[in-house]
Amino acid sequence: MLQGTLDLLILRTLVRGPVHGHAIAKAIEFNSDDVLQVEQGSLYPALHRLIKRKWISVEEGISENNRRAKFYKLTAEGRRQLAAETSKWDKMAGAIARILRPAEQEGE
Amino acid sequence: MKKRERMMKDLEEDIREHIETETQDNIARGMPPEEAHYAAIRKFGNVMRVEEDTRDVWSFVWLEQFGQDIHYAFRMLRKSRGFTAVAVLTLALAIGATTAIFSVVYGVLLQPLPYTDSNRIMSVFEVNSGGTWSRVADPNFDDFRDQSRSFQSIAKYHADIASVSGASEPTRTTVAAVSPGFLKVLGVQPILGRDFGAGDAKKGAGPTVLVSYGYWRQYLGSSRDLAQSHLKIDGGLFSIVGVLPSGFRFPADVDLWLPADLDGENPSRTSHNYSVVGRLRDGTTVQQANLDISAIARRIHDTSSEQGDYLLKDGIVVPLQDAITGKARSSLLLLLGAVGFLLLVACANVANLLLAQASVRERELAIRSALGAARGRLVRQYFTEAFLLALLGGSLGVLGAFWGLAGLVALAPENLPRLESVSINIPVLVFALVLSTAVAAGLGAFIAARATSGELRKGLVEGGRGQAGLQGSQRVGRVIVAAQIAITLVLVVGAGLFGRSLMKVLEVNPGFRVDKIVTMDVSLPWVDDPKAKAGQAIFFSNLIDRLKQIPGVRKVGATSGLPMDGGLPDGMFLLMTQNEIPKTTDGFGPLLQQKERIGNADFCVATDGYFQVLEIPLIRGRIFDGRDGANSPHVAVISESLARERWPNQDPIGHTIEFGNMDGDLRLLTIVGIVGDTHEYGLDAPPRPTVYVDLLQRPHAAITLTMLSDADMRSVASAARGILQNLNPEVAAKFQTFSQVYSTSLGSRRFNVILIGFFGITALLLATAGVFGVMAYSVSRRTREIGVRVALGAAPAGILRMILGQGLRTIFIGVAIGITASLALTRTVQSLLFGVTATDPVTFGGVTLLLVGAALLACYIPARRATKVDPMVALRHE
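The rules behind the values
Residues numbered from 1 in each chain as written. Chains lettered and ligands numbered in written order. Predicted model: local features only at pLDDT ≥ 70, side-chain atom pairs only at ≥ 80, totals over all residues. Helix = DSSP H or I, 4+ residues; strand = E, 2+ residues; numbered from the N terminus. Buried ≥ 20, exposed ≤ 12 C-beta atoms within 10 Å, placed from the backbone. Contact = placed C-beta atoms within 7 Å. Rg over C-alpha atoms; globule rule 2.2 N^0.38 Å. Axes fitted to C-alpha atoms, helices over the stretch in contact; angles between N-to-C directions. Parallel < 35°, antiparallel > 145°, perpendicular 65-115°, else oblique. Nonpolar A, V, L, I, M, F, W, Y, C, P; charged D, E, K, R; others polar. Core = buried A, V, L, I, M, F, W, Y, C linked by C-beta atoms within 7 Å. pLDDT = per-residue confidence, 0-100. Pairing = 2+ DSSP bridges. Left-handed = near helix turned anticlockwise from the far one by under 90°. Domains from an automatic or database assignment. Expected span 1.5 Å × (residues − 1). Arc of directions from axis to C-beta.

Participant: Would you take a moment to explain the overall build of chain A for this structure?
Facilitator: Within chain A one finds five helices and three strands. The helix and strand sequence of chain A, counted from the amino end, reads α-β-α-α-β-β-α-α. Counting over 108 residues, chain A shows a buried share of 28%. Of the contacts made within chain A by residues no fewer than 6 positions apart, 51% connect residues no fewer than 24 positions apart.

Here it is in structure tokens:
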């Protein structure tokens, strides 16, 4: 997986509100149609990296099956970062797409 | 740090929660609970690595891990103290020796001279017909100065010993005669008083002198009022005009500087009396200066009326630093190379130790790896340990170098220039640090590559017997030992060649006796007036008569140049008879063109006692005696080699020669005797043809008296000093034993032999230890196998042969490589050898035998131990 991609996916997952670790893993798996296979464990160093950068925060909460769990939440700075990273990502993805498929575009 | 603790605790909970949730999901999907749990863990990955990675997020990873590594490395080194001690001491020895030698190389060769922009200061030489360089004659210097465009300033100088009085006590001091601009070339200004001005150098000017800081402190009481002090130098009265800065002593050992040519220049273009230094103009390169000087020199050669072998053929410009250190360079670089070899041998030993250590630790590594330690981390661990070893060794080595350097400097030959600037200074310490780091990096890379290659988990699989990689590391160990033997062989061959050279030199019969001779250097002022000269002859004659009265002194002689003590002037003499003498010196020119008339010899002033004291044998005729008074016909005694070369198949006795160009006395010399040859310029230099003249007929100002004495030097010296004081209180003397002078002449050879011998022996010991270590280790690792062989009926002799055979193969490969390398390398030191060729079979054979013998012994002990293996014990082993 590309360096930073996981960070971006996590931020994206947290847009809808605070989520706990296992749910983030599930969401990434689900939303990416199981294309992005990662060991679930590698989520945690990434989460802590984001906490350290103050892009997300962590709070106590109760999970759906009524257990105490850590909930991760996007900060204001994280939201700004997500916007910036997303547009950067889009630009790059567009650029890569143009490089990979110029012939088809000409054909159309 | 607290925050991190909290975050890590949270993380543990989080992970537990995560896996629990995943397990529940799996159960919900219909898995049995146990399987559901394992599936969750598999999906999660390595919990410990996740925790470690997360911890890294919260820490200064690099620093913290480094701390851990160091901590761990210390623990490992403490745990195996024997290994640590041997490795650290080996490295300390090698790094210390290399640092000490480097400090000499740095101080002598690399450190810039202590003058402003010292790389712009050049030496200028004449190149004579034989291609060798010589000093510069006065008119040639004037042409260089006036016609060259390459130098800001250029000056000539000449240093000599003089008797100086007028200060707190009379001294024999080295005095330099320098032309104006000398200080400007070197970029030095007086700290007190003034530099020489144009007026000081004019012919007939009032004599002035500059003094060194040391002389000013010691003999002039640091007096700031220079006008009060005058110095009597060689009889002339000089007013002190300035004091030069502390530490400035150029040329070497000079304490007083006077203007040159106060009595006018020597008009001859073939009297090479002055050294020349110049400071390059900004933007001028050494090459440009060379072209410039060379063109002037060749013009002089083409146009001068003084044609002949002594006239310059060309000129050359070299940086002053190279001119000063040129002779020492090859010898010092040789030593640096030798100590570098020693360093390699030592590193090889440590590498082998590390290798053995690593295979012992294979299990530990396998466990750490299985527990999730990344390979990079293990590699870093090895590097940390190597660095710790090298830095410990390096620090200890530098301490040793401080101590060793004192010995090194004491041992160094007297003719090694700039010895006073040798010390353990910042650049040397930086060198030691860089060297230690390089050693650490090398060892670390080697051991990390060896130890972490291959499948680490094998260490666990093979029942923890630690057999994994055994074959491989044994092979590498043997390669290292072979390399060690090869390098050691080169070193010991080098030591052997130098040692045999020294022995051959000592076998040379010097042609004179050395022991029981006290020498006394006395110089009187240089004078030209024949009457004053005659007075000096009488003075020395009186001195000799009185010295003979000293109790214990049996015979006394005198000479203008003691063998092995700086050499004699040489020149061309003419064979002629009384009625052929030309009226003026110009008339000698055409005679010098007649090859059959000229000869070349050293010119030595001596007394009859000189031959007796030094026991230089009379071959034929007679030496000087009572017949040879100041006014009787002047006589000469010649050396055997001169008789052989100049008068082959003839009897030179009775021939007359003109050699007045040496001392200004044109009276002919009649050859009355032939004496044995002496090795004036060292035992390793061929004897020079020499003409001896009688001190009483041809007075000379600077004389060395030789006293054959049964009494010890100190009592003779104090008695002689008293006698001299009585005769002339303004003259100082320097005393030595002739053995000291003689032994000094062997200094550089002895220096090389002692150092390279020391390196060679140390390398030999290290290599032997290396062979022993690898063999003993191999035997101990193979105890089980040997036990099985014995159990199956192998005879002890067979086991011995097997182990020895294995060792021998390694040894012979090493020796073969070593001999090849030696043959290639020793050729480069041929010029430093004497009496042996660079491929001396005796040395090569002897060294090979010695090395093979030592290595075999080192193999034999472990091999013997292998034959003693008890199969029962061996099979229960481990």
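Participant: How should I be thinking about the overall build of chain B in this particular structure?
Facilitator: On a plain count of helices and strands, chain B comes out with 27 helices and 22 strands. Relative to its length of 878 residues, chain B is extended, with a C-alpha radius of gyration of 38 Å against a globular reference of 29 Å. Overall, chain B is about 135 × 70 × 55 Å in size when its C-alpha atoms are taken along their principal axes. Classification of the 878 residues of chain B by burial places 42% in the buried group. Here the analysis covers contacts within chain B between residues at least 6 apart in sequence; of these, 84% occur between residues at least 24 apart.

Participant: Please explain the packing of helix α1 (residues 5–14) of chain A against helix α2 (residues 21–31) of chain A as it appears in this structure.
Facilitator: Any two packed helices are characterised by the angle at which their axes cross and by the distance between the axes. Residue and element names in this part refer to chain A. At a minimum axis separation of 10 Å, α1 and α2 run at an interaxial angle of 105 degrees. If you check the angle between α1 and α2, you find them roughly perpendicular. Counted together, Leu9, Ile10 and Thr13 of α1 and Ile24, Ala27 and Ile28 of α2 form the full contact between these two elements. Across the contact of α1 with α2, the residue classes break down as five nonpolar, one polar and no charged.

Participant: Would you mind showing me how to read the nonpolar core here?
Facilitator: Looking at soluble globular proteins, one finds that nonpolar side chains tend to be buried together. Residues and elements named next belong to chain B. Counting residues in each nonpolar core, the largest one holds 107 residues, and the members touching the most others are Leu91, Leu342 and Leu443. With residues near it in sequence (within four places) discarded, leucine 443 still touches Cys347, Val350, Ala351, Leu354, Ala386 and Ala390. The next biggest cluster of nonpolar side chains, apart from the first, holds 66 residues, and it includes Ile550, Val637, Ala643 and Ile674.

Participant: Whenever I open this one, the confidence of the model for chain B confuses me. Can you help?
Facilitator: Atomic detail in the predicted coordinates should be set aside for any region of low pLDDT. Residue and element names in this part refer to chain B. Averaged over all residues, the pLDDT of chain B equals 87, while 95% of them reach at least 70. A low-confidence stretch, residues 462–469 (pLDDT under 50), is modelled with 15 contacts involving residues beyond four sequence positions or located in other chains. Among the prediction metrics, the complex's ipTM stands at 0.80, with pTM recorded as 0.75.

Participant: Before we go on, may I ask you to explain the pairing of strand β10 (residues 275–280) of chain B in this structure?
Facilitator: On any regular strand, side chains alternate: one points to one face of the sheet, the next to the other face. Residue and element names in this part refer to chain B. The element β10 is largely enclosed, with a buried count of six among its six residues. Residues Ser275, Val277 and Arg279 of β10 are buried on one face, and the alternating residues Val276, Gly278 and Leu280, pointing to the opposite face, are buried as well. Relative to β10, strand β1 (residues 121–127) runs antiparallel, the two being bridged by four bridges. Of the residues in β10, the one forming a bridge with methionine 122 is glycine 278. Both strand β3 (residues 151–165) and β10 contribute to a ladder of six bridges, which runs antiparallel. Bridging from a neighbouring strand, serine 153 pairs with arginine 279 of β10.

Participant: Which parts of the structure should I look at to understand the interface of chain A and chain B?
Facilitator: Buried accessible area, meaning the area lost when the parts come together, often serves as the stated size of an interface. Counting from both sides, the interface comprises 15 residues of chain A and, opposite them, 20 residues of chain B. Of the residues forming the side of chain A that touches chain B, the biggest block, five residues, is contributed by helix α3 (residues 43–52) of chain A. Residue composition of the side of chain A that touches chain B, by class: three nonpolar, seven polar and five charged.

Participant: Would you take a moment to explain unusual backbone geometry for this structure?
Facilitator: Residues and elements named next belong to chain B. The omega angle of the peptide bond from phenylalanine 250 to proline 251 is -5 degrees, so this bond is cis rather than trans. The topology assignment puts proline 251 in the loop between β8 (236–243) and β9 (254–259). Located in the positive-phi region is lysine 516, a residue other than glycine, with phi close to 60 degrees. Counting through the fold element by element, lysine 516 comes out in the loop between α16 (470–507) and β12 (517–523). Of note, the phi angle at glutamate 615 is positive, near 55 degrees, even though the residue is not glycine.

Participant: It is not clear to me how the packing of helix α11 (residues 320–360) of chain B against helix α23 (residues 747–781) of chain B should be interpreted in this structure. Could you clarify?
Facilitator: Residue and element names in this part refer to chain B. Two numbers describe how α11 lies on α23: the axes approach to 10 Å, and their chain directions differ by 15 degrees. As summarised for this structure, α11 and α23 are arranged roughly parallel, according to the angle between their axes. At the point where α11 passes α23, the crossing takes the left-handed sense. Taken together, the residues of the contact of α11 with α23 sort by class into 19 nonpolar, eight polar and no charged.

Participant: Explanation requested: the domain arrangement of chain B in the structure shown.
Facilitator: Taken domain by domain, chain B holds domain 1 (2–59), domain 2 (129–312), domain 3 (328–507 + 747–876) and domain 4 (525–730). Its C-alpha centre places domain 2 of chain B at a distance of 53 Å from the equivalent point of domain 3 of chain B.

Participant: Sorry, what's going on with helix α21 (residues 713–727) of chain B here?
Facilitator: A turn of α-helix holds 3.6 residues, and therefore any two residues three or four places apart point the same way. All names here are of chain B. Look at α21: 21 Å from first C-alpha to last across 15 residues, which is about the 21 Å you get at 1.5 Å a residue. Residues Met713, Val716, Ala717, Ala719, Ala720 and Leu724 constitute the buried set of α21. The inward-facing, buried residues of α21 abut β12, α17 (530–547), β13 (553–559), β21 (702–709) and β22 (733–737).

Participant: Looking at this structure, how should I read α17(B)?
Facilitator: Residues and elements named next belong to chain B. Here α17 contains 18 residues, and its C-alpha end-to-end distance of 26 Å stays within 8% of the 26 Å for a straight helix at 1.5 Å per residue. For α17, the set of buried residues is Lys533, Phe540, Leu543, Ile544 and Leu547. With its buried residues spanning 100 degrees around the axis, α17 presents them on a single face. Residues of α17 that are exposed and point more than 90 degrees away from the buried face comprise Lys531 and Asp545. In this fold, the buried residues of α17 make contact with β13, α19 (608–614), β21 and α21.

Participant: It is not clear to me how the sheet that holds strand β1 (residues 19–20) of chain A should be interpreted in this structure. Could you clarify?
Facilitator: Sheets are built from strands paired through backbone hydrogen bonds, the pairs being either parallel or antiparallel. Residues and elements named next belong to chain A. The three strands are arranged β1-β3-β2 in an open sheet whose pairing can be described as antiparallel. Two strands bound the open sheet, and with one partner strand each, they are β1 and β2 (56–62). The sheet contact formed by β1 and strand β3 (residues 68–74) spans two bridges and is antiparallel. What sits directly across from histidine 20, in β3, is phenylalanine 71.

Participant: Could you clarify how one ought to interpret the environment of B:Leu724 in this entry?
Facilitator: Residue and element names in this part refer to chain B. Within the element layout of this structure, leucine 724 appears in helix α21. For the pair leucine 724 and aspartate 545, spaced 179 residues apart in sequence, the C-alpha separation works out to 12 Å. Apart from the residues lying within four places of it in its own chain, the contact partners of leucine 724 are Val522, Leu543, Val731 and Ala733.

Participant: When you look at the pairing of strand β4 (residues 171–178) of chain B in this model, what are you seeing that I'm missing?
Facilitator: Residue and element names in this part refer to chain B. In the sheet, β3 pairs with β4 via eight bridges, with the strands oriented antiparallel. By the bridge assignment for β4, alanine 159 is matched with alanine 176. Between β3 and β4, which follow one another and run antiparallel, lie five residues, and glycine 166 among them has a positive phi close to 110 degrees.

Participant: Please clarify how the environment of B:Leu365 should be interpreted in this entry.
Facilitator: Residue placement: B:Leu365 occurs in helix α12 (residues 362–370). Sequence separation of B:Leu365 and B:Leu378 is 13 residues, and the distance between their C-alpha atoms is 7.7 Å.

Participant: In this structure, what is going on with the environment of B:Ser421? I would like to understand it.
Facilitator: The residue B:Ser421 is located in the loop between α13 (375–411) and α14 (426–452) in this model. Aside from chain neighbours lying at most four places away, what touches B:Ser421 is B:Gly107 and B:Gln111.

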